[in-house]
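So the chains spell out like this:
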Amino acid sequence: NAGVTQTPKFRILKIGQSMTLQCTQDMNHNYMYWYRQDPGMGLKLIYYSVGAGITDKGEVPNGYNVSRSTTEDFPLRLELAAPSQTSVYFCASSYRGDEQYFGPGTRLTVT
Amino acid sequence: GENVEQHPSTLSVQEGDSAVIKCTYSDSASNYFPWYKQELGKRPQLIIDIRSNVGEKKDQRIAVTLNKTAKHFSLHITETQPEDSAVYFCAAPDNYGQNFVFGPGTRLSVLP
């Protein structure tokens, strides 16, 4: 099992550009999550999904969109990137909403 | 929604001493409380968790205690070692258990 994988590892975006952060898990987990972690700070929930076709907003959803067309994939879309979106983005999954398995993260810089 | 507070924000201990980190939560219906460890530049990883039907759980040098009446739970690390140096996060369920709210983290430094 590869667990939770994320691509890319690093990305630099210009203000106003768009991109999609990819997240895939091979553990057949129902729950998937996207967090952002600013330097020296905790984890803030952006969006989550409790199963294919179901998504919901977390604490900081503005400027982001998600989709969950399959159990395995949960991409995060950034539209019109802003410097405030500079952060490390973690995807996580969970079988039944308890223990979460995190991906390695994507370090995004918007300049 | 759930609110999670965590103290202290930083903690320095001598190697071999014990470390205790405390979290409080607001939703009395919460029933599952995990602790995650995040080493510098790495992903968070679960180190121990506890469910509301027990008051304490231990795994070698790590233990977690839960006081449901007072709505707080604590991480205890005994005989600390340099490799215990990391940021530790507690979490509690939110939105009927569909997601989690994380505490702000505690940076633990174990001094040799």
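Just above sits the structure.
Residues numbered from 1 in each chain as written. Chains lettered and ligands numbered in written order. Predicted model: local features only at pLDDT ≥ 70, side-chain atom pairs only at ≥ 80, totals over all residues. Heavy atoms only, no water.

A. Summary view of the packing of aromatic side chains. In this structure the tally under the stated criterion is 13 aromatic pairs over all chains. Geometrically, the ring pair formed by Phe 102 of chain A and Tyr 36 of chain B is edge-to-face, given 5.6 Å between the ring centres and 85 degrees between the ring planes. With Phe 102 of chain A in strand S10 (residues 101-102) and Tyr 36 of chain B in strand S4 (residues 32-38), this pair bridges two chains. Each member of the pair, Phe 102 of chain A together with Tyr 36 of chain B, is buried. Taken together, the ring pairs in this structure connect Tyr 33, Tyr 35, Phe 90 and Phe 102 of chain A together with Tyr 36 and Phe 102 of chain B into an aromatic cluster. Seen from the ring of Phe 74 of chain A, Arg 68 of chain A lies directly overhead, with NZ or CZ sitting 6.0 Å from the centre. (Phe/Tyr/Trp six-rings, centres within 6.5 Å; stacked < 30°, edge-to-face > 60°. Helix = DSSP H or I, 4+ residues; strand = E, 2+ residues; numbered from the N terminus. Buried < 20%, exposed > 50% of the residue type's maximum accessible area, 1.4 Å probe, protein only. Lys NZ or Arg CZ within 6 Å of the ring centre and 35° of its normal.)

B. Just the nonpolar core, in detail. Residues and elements named next belong to chain B. Core analysis: the biggest nonpolar cluster contains 24 residues, and Phe 33, Trp 35, Phe 73, Leu 75, Ile 77, Tyr 88 and Leu 108 have the highest contact counts within it. Counting residues per element, the ones that place at least two in this core are strand S2 (10-14), strand S3 (19-25), S4, strand S5 (45-51), strand S7 (62-67), strand S8 (72-77), strand S9 (86-94) and strand S11 (106-111). In this view, Tyr 88 contacts Gln 6, Ile 21, Tyr 36, Lys 37, Ile 47, Leu 75, Ile 77, Gly 105, Thr 106 and Leu 108; residues no more than four positions away in its chain are not counted. (Core = buried A, V, L, I, M, F, W, Y, C linked by side-chain atoms within 4.5 Å. Contact = heavy atoms within 4.5 Å.)

C. A look at the sheet that holds strand S1 (residues 4-7) of chain A. Residues and elements named next belong to chain A. An order of S1-S3-S8-S7 is seen for the four strands of this open sheet, with the pairing classed as antiparallel. Only two strands of the sheet have a single neighbouring strand rather than two, namely S1 and strand S7 (64-66). Looking at each pair of strands side by side, their axes are set apart by 20 degrees on average, direction ignored. (Pairing = 2+ DSSP bridges. Axes fitted to C-alpha atoms, helices over the stretch in contact; angles between N-to-C directions.)

D. Local environment of the interface of chain B and chain A. Counting residues at the interface gives 16 residues for chain B, matched by 20 residues for chain A. Roughly 1,600 Å² of surface becomes buried between chain B and chain A when both sides are summed, with 54% attributable to carbon and sulfur atoms. Considering only the side of chain B, the residues that lose the most area to chain A are Arg 43, Gln 98 and Phe 102 of chain B, jointly responsible for 33% of the buried surface there. Between Asp 98 of chain A and Arg 51 of chain B there is a salt bridge, with the nearest N and O atoms lying 2.9 Å from each other. Taken together, chain B and chain A are joined by seven residue pairs in polar contact (both at pLDDT 80 or more). When residues of the side of chain B that touches chain A are traced back to their parent elements, those giving at least two are S4, S5 and strand S10 (99-102) of chain B. Split into classes, the residues belonging to the side of chain B that touches chain A amount to eight nonpolar, five polar and three charged. (Buried area = accessible area lost by both parts, 1.4 Å probe. Salt bridge = Lys/Arg side-chain N within 4 Å of Asp/Glu carboxyl O. Polar contact = N/O pair within 3.5 Å; in protein donor to acceptor, adjacent residues only side chain to side chain. Nonpolar A, V, L, I, M, F, W, Y, C, P; charged D, E, K, R; others polar.)

E. Examining the layout of surface pockets more closely. Computed from the structure, the largest pocket encloses a volume of approximately 650 Å³. In this structure, the largest pocket is lined by 32 residues; those nearest its centre are Gln 37 and Gly 40 of chain A together with Gln 38, Leu 40 and Gly 41 of chain B. Broken down by secondary-structure element, the contributors of at least two residues to the lining of the largest pocket are strand S9 (87-94) and strand S11 (106-110) of chain A together with S9 and S11 of chain B. Its boundaries defined by the atoms lining it, the second largest pocket holds a volume of some 320 Å³. Forming the walls of the second largest pocket are 21 residues, and the residues nearest its centre are Leu 43, Lys 44 and Glu 59 of chain A together with Val 101 and Phe 102 of chain B. Elements with a minimum of two residues in the lining of the second largest pocket: strand S5 (44-51) of chain A together with S10 of chain B. Per-element accounting of the lining of the second largest pocket gives the leading share, four residues, to S10 of chain B. Residue composition of the lining of the second largest pocket, by class: ten nonpolar, six polar and five charged. (1 Å grid on protein atoms, 1.4 Å probe; cavity = no way out; pocket = protein on both sides within 12 Å on 5 of 7 lines; lining within 4 Å. Points joined across faces, edges and corners; volume = space filled by probe spheres on them.)

F. Summary view of the pairing of S11 of chain A. Residues and elements named next belong to chain A. Residues Thr 106, Leu 108 and Val 110 point to one face of S11 and are all buried, whereas Arg 107 and Thr 109, pointing to the other face, are not buried. Pairing between strand S2 (residues 10-13) and S11: four bridges, direction parallel. Each residue of the ladder has a partner; that of Leu 13, found in S11, is Val 110. Examined bridge by bridge, S9 and S11 share three bridges and lie antiparallel to one another. Bridging across to S11, Tyr 89 finds its partner in Thr 106.

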